[in-house]
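Each chain, written out:
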Amino acid sequence: LTITEVETIPFAIPYRKPLAFASGSVSVAEHVLVRVRTAGGLVGVAEAPSRPFTYGETQASIVAVISQIFAPAVVGTDALHRERIHARLRRTVGNPTAKAALDMALWDVVGQAFGRPVTELLGGYADRMRVSHMLGFADPAAMVDEAERMRSTYGITTFKVKVGRRPFRLDVDVCRALRQHFGDAVELYVDGNRGWTPSEAARALDAMSDLDLTLAEELCPADDVLGRRWLASRTTIPTVADESATTPGEVTRELLGGSANAISIKTARTGFTDSRRVLHQCQGLGVEVVIGNQIDGQLGTACAVAFGSAYDATTRRAGELSNFLDMSDDLLAEPLQIHDGTLAVSGRPGIGVTVDEDKLQHYRVDL
Ligand code: MUC
Ligand code: MG
């Protein structure tokens, strides 16, 4: 499984319905397709989403770091020697989605080589996950309509509501409207993407205390160290660390510091290898996890469900696996299908997806 080439292809696919949240918004998927080729003719794929507001990476920086630093470091290495490869990638700080896409493309190669799905190589626990849909900023009626459409069309009954606006009443009104509309037929949780101060977040949580929210994610910035600790200690809602906990070390800091007591795992930033490290770390500590969404396209979502389906602990909660539905198009030859509120994992070897070459030609932005 000698790696002969690592290819990076930037592409741009517009969203039909842009997603807005406290730290930014996405109206075009400006991602990078990463393809790893081996001497035996295998081709592994994954995608890296550029999220400058979360990780500081851009489409151009992802292409640059992979083509200038990572590709020369891994070409000539066996794809199975993943720890050796990771030791080389770790010499470069940051660049999480670039590293993660390369990692997952390698797992795709390994799965194909063994003729088994990656999800089975990882753990093989389940063949699907329940799906949670993220609701971006809009007024209460529009967000209720969007949730209703997701429930009636796809059977989705778990919703992550984006919060963190000012004044916080805007978001309280949305959550209340959703609860009033759906009663107890849906699960609701919130994600603030660092939009509030600790005191705003405390007042918002107090104002929503009767709404049965099941998780509260990143309401305040990671640097509000004592404020976050204070907030987590005064609420009974599990406090999820997402963008404050993007590496095993950061996970340790957030958990031991008392700023979080649950962790969002995103394959888009920790790949399969480091997502597994984070999962095992959380299991060893008795900490709940949720499979998060990096506003992934279908390829990224196929990776998230492959990882999430692989373990008991990651299937307990619905995974955030549906926001590709808001894109105007995608790259996969066979689109992912959500039925009865669940997304099945591919049963084919590797990640189990095929890129439509015509679509890639159409959406690539490097030619
Ligand atoms: C999320 O869970 O925060 C929005 C920003 C980001 O980094 O990911 C998305 C969803
Ligand atoms: Mg989040």
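What this report covers is the structure whose coordinates are included nearby. Numbering of residues starts from 1 in each chain and follows the order in which that chain's sequence is written. Chain letters start at A and ligand numbers start at 1, both assigned in the order the entries are written. Only residues with pLDDT of 70 or above have their local features reported here, since the model is predicted, and side-chain atom pairs are shown and tallied only from 80 upward, although totals for entire chains, interfaces and linings are computed over all residues. Excluding hydrogens and water, the side-chain values take into account all heavy atoms of the structure.

1. A word on the pattern of salt bridges
Okay, step 1: Criterion for a salt bridge: a side-chain nitrogen of Lys or Arg within 4 Å of a carboxyl oxygen of Asp or Glu. According to the stated counting rule, one finds 30 salt bridges in the structure shown.
Okay, step 2: A salt bridge links glutamate 83 to arginine 277; the nearest nitrogen and oxygen atoms lie 3.2 Å apart. Note that glutamate 83 is positioned in helix H3 (residues 82-89) and arginine 277 in helix H12 (residues 273-285), a separation of 194 residues in sequence.
Okay, step 3: Note on exposure labels: buried denotes an accessible area under 20% of the residue type's maximum, exposed denotes more than 50%, and partly exposed covers the range between, all computed with a 1.4 Å probe on protein chains only. Using a relative accessible area of 44% as the deciding quantity, one classes glutamate 83 as partly exposed.
Okay, step 4: A relative accessible area of 31% places arginine 277 in the partly exposed class.
Okay, step 5: Among the ionic contacts, a cluster of salt bridges with common partners joins Glu5, Glu7, Arg35, Arg37 and Glu357. Numbering of helices and strands runs from the N terminus; a helix is a DSSP stretch of H or I covering at least four residues, while a strand is a stretch of E covering at least two.

2. Points about the site of ligand 1
Okay, step 1: Any residue with at least one heavy atom within 4 Å of a molecule or strand is counted as near it. As a structural note, the neighbourhood of ligand 1 is formed by 13 residues, with Thr54, Lys160, Asp191, Asn193 and Gln294 the closest of them.
Okay, step 2: Between ligand 1 and lysine 266, the relevant distance is 3.1 Å, taken from an oxygen atom to a side-chain nitrogen or oxygen of the residue.
Okay, step 3: Computed with a 1.4 Å probe, the accessible areas rest on the Shrake-Rupley method; for each residue, only the protein chains presented here act as cover. Here ligand 1, which alone exposes 270 Å², has 100% of that area covered by the protein.
Okay, step 4: Looking at the shell around ligand 1 residue by residue, the classes come out as three nonpolar, four polar and six charged. Each polar contact in these results corresponds to two N or O atoms within 3.5 Å; when the atoms are within protein, one needs to be able to donate a hydrogen and the other to accept it, and residues that are neighboring in sequence are counted only if both atoms are side-chain atoms. Polar here means any residue outside two lists: the nonpolar Ala, Val, Leu, Ile, Met, Phe, Trp, Tyr, Cys and Pro, and the charged Asp, Glu, Lys and Arg; Gly therefore counts as polar.

3. Looking at the packing of helix H6 (residues 140-154) against helix H7 (residues 169-182)
The description of two packed helices rests on the angle between their axes and on the distance between the axes.
Okay, step 1: An axis is simply a line fitted to the C-alpha atoms; with a helix, the fit covers only the stretch in contact. Between two such axes, the angle follows the N-to-C directions and lies from 0 to 180 degrees. One can describe the packing of H6 onto H7 by two numbers: an axis separation of 9 Å at closest approach and a directional angle of 45°. In terms of orientation, H6 lies oblique with respect to H7. Handedness of the H6/H7 crossing: right-handed. In this structure, H6 uses Pro140, Met143, Val144, Ala147, Glu148 and Arg151 to contact H7, whose residues at the interface are Asp173, Val174, Ala177, Leu178, His181 and Phe182.
Okay, step 2: Of the residues belonging to the contact of H6 with H7, the class tally is eight nonpolar, one polar and three charged. In these notes the angle categories are as follows: under 35 degrees is roughly parallel, over 145 is roughly antiparallel, 65 to 115 is roughly perpendicular, and the rest is oblique. Left-handed is the label given to a crossing in which the near helix is rotated counterclockwise from the far helix by less than a right angle, and right-handed is the label when the rotation is clockwise. Should any heavy atoms of two residues lie within 4.5 Å, those residues are considered in contact.

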